[in-house]
Amino acid sequence: MFTPNLVDALDGSDALTKRRRIAADRAAALGLPSFTEEVWRYTPIDDLDADRYTFAAPGGVPGPAGLMAGVDDAAAAVIRITNGVVIDVSVQADGIRVNTLDDGVEDLIGTVAPEGPDVFGDWNLALATAPLAVSIDPKAVITAPIVVHVHTDVDGLAWFPRLVVMAGRMSQATVIEHYTGGDAPALICPLTELSVGDGAHLGHLTVQELGNAAWQLANLCSDVGRDANLRIGHVAMGGAYTRARIGTDMTGRGGHSEIDAVYFGRDTSTLDFRTFQTHVAPHTTSDLLFKGAVDDHARVVYTGLIRIEADAHHVVADQTNRNLKLSPHAWAESVPNLEIENNDVQCSHASFIGPVDADQRFYLESRGVPTDVAEALVVRGFFDEVLDALPSQQISVSVRRRIDELVSTAVMETA
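Residues numbered from 1 in each chain as written. Predicted model: local features only at pLDDT ≥ 70, side-chain atom pairs only at ≥ 80, totals over all residues. Heavy atoms only, no water.

**With respect to helix α1 (residues 14–30)**
Phase 1: Here α1 is 17 residues long and its end C-alpha atoms lie 24 Å apart, about the 24 Å a rise of 1.5 Å per residue gives.
Phase 2: Listing the buried residues of α1 in full gives L16, T17, R20, A23, A24 and A27. With its buried residues spanning 125° around the axis, α1 presents them on a single face. When the buried face of α1 is taken as reference, the exposed residues oriented beyond 90 degrees from it are D14, K18 and A29.
Phase 3: Against α2 (119–127) lie the buried residues of α1.
Phase 4: G31 lies just past α1 and shows a positive phi near 75°. (Helix = DSSP H or I, 4+ residues; strand = E, 2+ residues; numbered from the N terminus. Expected span 1.5 Å × (residues − 1). Buried < 20%, exposed > 50% of the residue type's maximum accessible area, 1.4 Å probe, protein only. Arc of directions from axis to C-beta. Contact = heavy atoms within 4.5 Å.)

Structure below.
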């Protein structure tokens, strides 16, 4: 079980230790959440047994390339973190600075998320053993991706990855976080902070390929400055229960964010997405598109909120979630929400849950396409829009190939 006294064994200055203890005390007072709470509704959170996990940082070897095959070859920087330890940092381009506990990262932790945003975020601040910051110099243009590999392969390990990305004013960069894991049970609770400076363009992509016994309870918090642009992509392909809470705070006039996700649930997995598009400043825009499929006995939960603050006039915000059920035993829930405190805005939300469109399949069948091939083509076409929107086209190609394999398997099993 996580306890505040675990903080005493961690590295860091007296100031960081004090912050850790405050966060740990706050988390301990909150306790573990329950599915009876609205923000955890439809989830298996009551099945979480914290006593089965051991908090440690044993380190280890890098994980598999998976969907990232070939990406590192042309990367601007590659960072590898395994089982709570930074094992390698390689920076190949000017304009990038990487900070760890040894050289000042604690001054950057909490730039966007000084606490929370939930109990696992507080435990992350308290127990992050290998916090990392990646800073992009003002006006730097980094054309190749910055890659952070996070691997877990120790049975029963619990740990808390922390990444802070600081995109300086007028800079351009793309950061990719890649999560992999073995088949053993593990609990990974990452928190990522994205600070997008005025006029900056930042892409951030999470690629999640965890093992089928892993739990991941992830938070992503972002702040988008004046005339800045943030593109968030999320790919979810693994895990027993994986939750991604993604928040974008539009605090600078003229800022824009795009949030896109593609996911595929199989077996008995549960994929859980909670998104928050918060518009604080006027003349800001956000566009969200989440598309996924569930097969076998898999489950997916999506809950999204667009919130428009009172001073945020001339805002345009859209939210769309679409889910395909490839099995009669699969389950999906989609709950879009709006909270609007200013009337001078344009907001929309839409959701869909259903099987493969029978009319589209019939159209192909009527032209001689076999039923199984027709269904596979419809499913593949369903994903094209969101795959094209991901911040990395190289990853889009890999994900499209993986989805083709999964769809072919699903169609053959139902044929």
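**Regarding the side chain of S195**
Phase 1: Along the chain, the position of S195 falls in strand β11 (residues 191–196).
Phase 2: On the basis of relative accessibility, which here comes to 16%, the residue S195 falls in the buried class.

**A closer look at the packing of α1 against α2**
Phase 1: Taken N-terminus to C-terminus, the directions of α1 and α2 make an angle of 150°; their axes are 8 Å apart at the nearest point. In terms of their interaxial angle, α1 and α2 are classed as roughly antiparallel. Note that α1 runs across α2; the crossing there is left-handed. Along the contact surface, α1 presents R19, R20, A23, A24, R26, A27, A28 and L30, while α2 presents V119, D122, W123, L125, A126 and L127. (Axes fitted to C-alpha atoms, helices over the stretch in contact; angles between N-to-C directions. Parallel < 35°, antiparallel > 145°, perpendicular 65-115°, else oblique. Left-handed = near helix turned anticlockwise from the far one by under 90°.)

**Some words on the sheet that holds strand β22 (residues 345–354)**
Phase 1: Ordered by their spatial adjacency, 10 strands build an open sheet running β3-β2-β6-β9-β12-β14-β16-β18-β20-β22, and the pairing between neighbours is mixed. Of all strands in the sheet, those with a lone pairing partner are β3 (85–91) and β22, marking the two edges. Between one strand axis and the next, the sheet turns by 5° as a mean value, whatever way the strands run.
Phase 2: Alignment of strand β16 (residues 256–265) against strand β18 (residues 285–294), held across 10 bridges, turns out to be parallel. Paired with G265 across the strands is V294, a residue of β18.
Phase 3: Of the strands in this sheet, β14 (229–236), β16, β18 and β20 (315–325) are in contact with helix α4 (residues 371–389), which crosses β18 at around 145°. (Pairing = 2+ DSSP bridges.)

**Quick look at the packing of helix α3 (residues 358–365) against α4**
Phase 1: It is at 9 Å that the axes of α3 and α4 come closest, and there the two elements cross at 130°. As the angle between them shows, α3 and α4 are arranged oblique. Once α3 is placed against α4, the crossing between them reads as right-handed. Of the residues in α4, those in contact with Q360, R361, L364 and E365 of α3 are T371, A374, E375, L377 and V378.

**Considerations on unusual backbone geometry**
Phase 1: In this structure, P117 follows G116 across a cis peptide bond, with omega equal to 10°.
Phase 2: Tracing the backbone shows P117 in the loop between β4 (96–99) and α2.
Phase 3: Unusually for a residue other than glycine, M170 sits at a positive phi of about 65°.
Phase 4: Inspection of the secondary structure assignment puts M170 in the loop between β8 (162–167) and β9 (172–181).
Phase 5: One non-glycine residue with positive phi stands out, namely H283, at about 55°.
Phase 6: When you line up the elements, H283 lands in the loop between β17 (270–279) and β18.

**Remarks on the pattern of salt bridges**
Oppositely charged side chains may form a pair once their charged atoms are brought near each other.
Phase 1: A full pass over the atoms with the stated rule returns 19 salt bridges.
Phase 2: Two residues, E38 and R41, come together in a salt bridge whose shortest N-O distance is 2.8 Å.
Phase 3: Between D404 and R380 there is a salt bridge, with its nearest N and O atoms 3.1 Å apart. A residue pair is termed long-range when its members are at least 10 positions apart, and D404 in helix α5 (residues 393–414) and R380 in helix α4 qualify at 24 residues.
Phase 4: We classify R380 as partly exposed; its relative accessible area is 26%.
Phase 5: Each of R307, E309, E339 and E341 takes part in salt bridges that share partners, so that together they form one network. (Salt bridge = Lys/Arg side-chain N within 4 Å of Asp/Glu carboxyl O.)

**Section: the side chain of N323**
Phase 1: Within the secondary structure, N323 sits in strand β20.
Phase 2: Looking at N323, its side chain comes within polar contact range of the side chain of N321, at 2.9 Å.
Phase 3: When neighbours within four sequence positions are excluded, N323 is seen to be in contact with Y263, G292, V300, A332, S334, F352, I353, G354 and F382. (Polar contact = N/O pair within 3.5 Å; in protein donor to acceptor, adjacent residues only side chain to side chain.)

**Details of the nonpolar core**
It is characteristic of soluble globular proteins that their nonpolar side chains tend to be buried jointly.
Phase 1: I96, V134, I136, I146, L202, F273 and F290 are the most contacted members of the largest nonpolar core, which has 54 residues in total.
Phase 2: Not counting residues up to four positions away in its chain, the partners in contact with V134 are I79, I96, R97, V98, I146, L163, V164, V165 and M166.
Phase 3: Ranked by size, the runner-up nonpolar core spans 32 residues in total, among them A75, V78, L390 and V399. (Core = buried A, V, L, I, M, F, W, Y, C linked by side-chain atoms within 4.5 Å.)

**Re the pairing of strand β5 (residues 132–136)**
Phase 1: By the criterion of burial, β5 is predominantly enclosed, with 5 of the 5 residues buried.
Phase 2: Burial along β5 is two-sided: the residues L132, V134 and I136 and A133 and S135 are all buried.
Phase 3: Alignment of β4 against β5, held across 4 bridges, turns out to be antiparallel. By the bridge assignment for β5, R97 is matched with S135.
Phase 4: Judged from the 5 bridges that link them, β5 and β8 form a sheet pairing that is parallel.

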